[in-house]
Amino acid sequence: MSDAAVLGDDAALFADWSKGDQSAGQKLVTRHIDRVTRFFMTKAAGEVEELTQRTFLRLLEVKDRYANTGTFRAFTLGVARMVLLEFYRSRARDARVDFGVSSIARLTTTPSVKIAKKDERAMVVAAMQQLSVDHQIVLELHYWEGLSVAEVAQATEVSPGTVKSRLHRARAALEAALGGRFPMESTRR
């Protein structure tokens, strides 16, 4: 099935699920659960299952915000982002957490990351967790999930120009954190 067909199929499935068709909902969950799970793995390893479930439940709560103006995967990851930010706000002593400054490492530490530091991916994850949450999210959505700048903008609810700027600053910060061991490629469109 082509990407366009999958995107159209996602929109149709979501419309059916919103009307109560549980089998359509199951198909969407099956299609997107790995992506949502990966999103939470580096940000809240001990809460992945709970946050993933919240994300799929929240999709129906905010269904009116999805109007086929972008891809369903960007919409889903945008909802996952909202769930993540709410999760950290609820756990923070100061509910005014600035996700543009605070890092995952500052908000929480995960034992799985400490164990996994033996391989290169773990080094990248650890370095990314030192970045602000906003920078970590744009890097992961763009590079790991393959979202375009426009899709990242949709998911993070900022302009494409802001995404490009965040990507530029986030890549520089990540390269510095990694000591130049893994240079980042330039931004894809």
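Notes on the overall build of the protein
Point 1. In terms of helices and strands, the protein carries 10 helices and zero strands.
Point 2. The secondary structure elements of the protein, listed N-terminal to C-terminal, are α-α-α-α-α-α-α-α-α-α.
Point 3. Here the protein, with 189 residues, has 46% of them falling under the buried criterion.
Point 4. A separation threshold of at least 6 residues defines the contact pool for the protein, and within that pool the share at least 24 residues apart is 63%.
Point 5. Here the protein displays about 9,800 Å² of accessible surface, and carbon together with sulfur accounts for 51% of that area.

Things to note about helix 8 (residues 133-144)
Point 1. Taking 1.5 Å of rise per residue, the 12 residues of helix 8 would be expected to cover 16 Å, and the 15 Å separating its terminal C-alpha atoms lies within 8% of that figure.
Point 2. Counting buried positions along helix 8 yields 11 of 12 residues, so the element is predominantly enclosed.
Point 3. Among all positions of helix 8, only Val133, Asp134, His135, Gln136, Ile137, Val138, Leu139, Glu140, Leu141, His142 and Tyr143 are buried.
Point 4. Gly146 occupies a position one or two residues after helix 8 and carries a positive phi of about 75 degrees.

Side note on the packing of helix 4 (residues 72-91) against helix 8
Axes are the key here: two packed helices are described by the angle between their axes and the distance separating the axes.
Point 1. In contact at an axis separation of 12 Å, helix 4 and helix 8 are set at 155 degrees when each is read in the N-to-C sense. Taken together, the axes of helix 4 and helix 8 lie roughly antiparallel to each other. Between helix 4 and helix 8 the crossing geometry is right-handed. Here helix 4 contributes Leu77, Arg81, Leu84 and Leu85 to the contact with helix 8, which in turn contributes Val133, Asp134, Ile137 and Leu141.
Point 2. Of the residues contributing to the contact of helix 4 with helix 8, the split by class is six nonpolar, no polar and two charged.

Some thoughts on the confidence of the model for the protein
Point 1. Confidence along the protein averages 81 in pLDDT terms, with 78% of residues attaining 70 or more.
Point 2. Scored below 50 in pLDDT, residues 1-5 shows two contacts in the model against residues more than four places distant or in partner chains.

Side note on the packing of aromatic side chains
Point 1. Enumeration according to the criterion identifies nine aromatic pairs in this entry.
Point 2. Between the aromatic rings of Phe14 and Phe72, the centroid separation amounts to 5.1 Å while the plane-to-plane angle is 50 degrees, which identifies the pairing as tilted. Of this pair, Phe14 sits in helix 1 (residues 3-18) while Phe72 sits in helix 4, and the two are 58 residues apart along the sequence. The pair formed by Phe14 and Phe72 is uniform in burial state, with each residue classed as buried.
Point 3. Geometrically, the ring pair formed by Phe39 and Phe40 is edge-to-face, given 5.2 Å between the ring centres and 80 degrees between the ring planes.
Point 4. Exposure remark for Phe39: the relative accessible area of 2% places this residue in the buried category.
Point 5. You can call Phe40 buried: its relative accessible area is 0%.
Point 6. One aromatic cluster is present, built from ring pairs that chain together Phe14, Trp17, Tyr66, Phe72 and Phe75.
Point 7. Between Lys43 and the ring centre of Phe39, over which it is positioned, the NZ or CZ distance is 4.1 Å.

Analysis parameters
Residues numbered from 1 in each chain as written. Predicted model: local features only at pLDDT ≥ 70, side-chain atom pairs only at ≥ 80, totals over all residues. Heavy atoms only, no water. Helix = DSSP H or I, 4+ residues; strand = E, 2+ residues; numbered from the N terminus. Buried < 20%, exposed > 50% of the residue type's maximum accessible area, 1.4 Å probe, protein only. Contact = heavy atoms within 4.5 Å. Areas by Shrake-Rupley, 256 points an atom, 1.4 Å probe, with all protein chains shown as cover. Expected span 1.5 Å × (residues − 1). Axes fitted to C-alpha atoms, helices over the stretch in contact; angles between N-to-C directions. Parallel < 35°, antiparallel > 145°, perpendicular 65-115°, else oblique. Left-handed = near helix turned anticlockwise from the far one by under 90°. Nonpolar A, V, L, I, M, F, W, Y, C, P; charged D, E, K, R; others polar. pLDDT = per-residue confidence, 0-100. Phe/Tyr/Trp six-rings, centres within 6.5 Å; stacked < 30°, edge-to-face > 60°. Lys NZ or Arg CZ within 6 Å of the ring centre and 35° of its normal.

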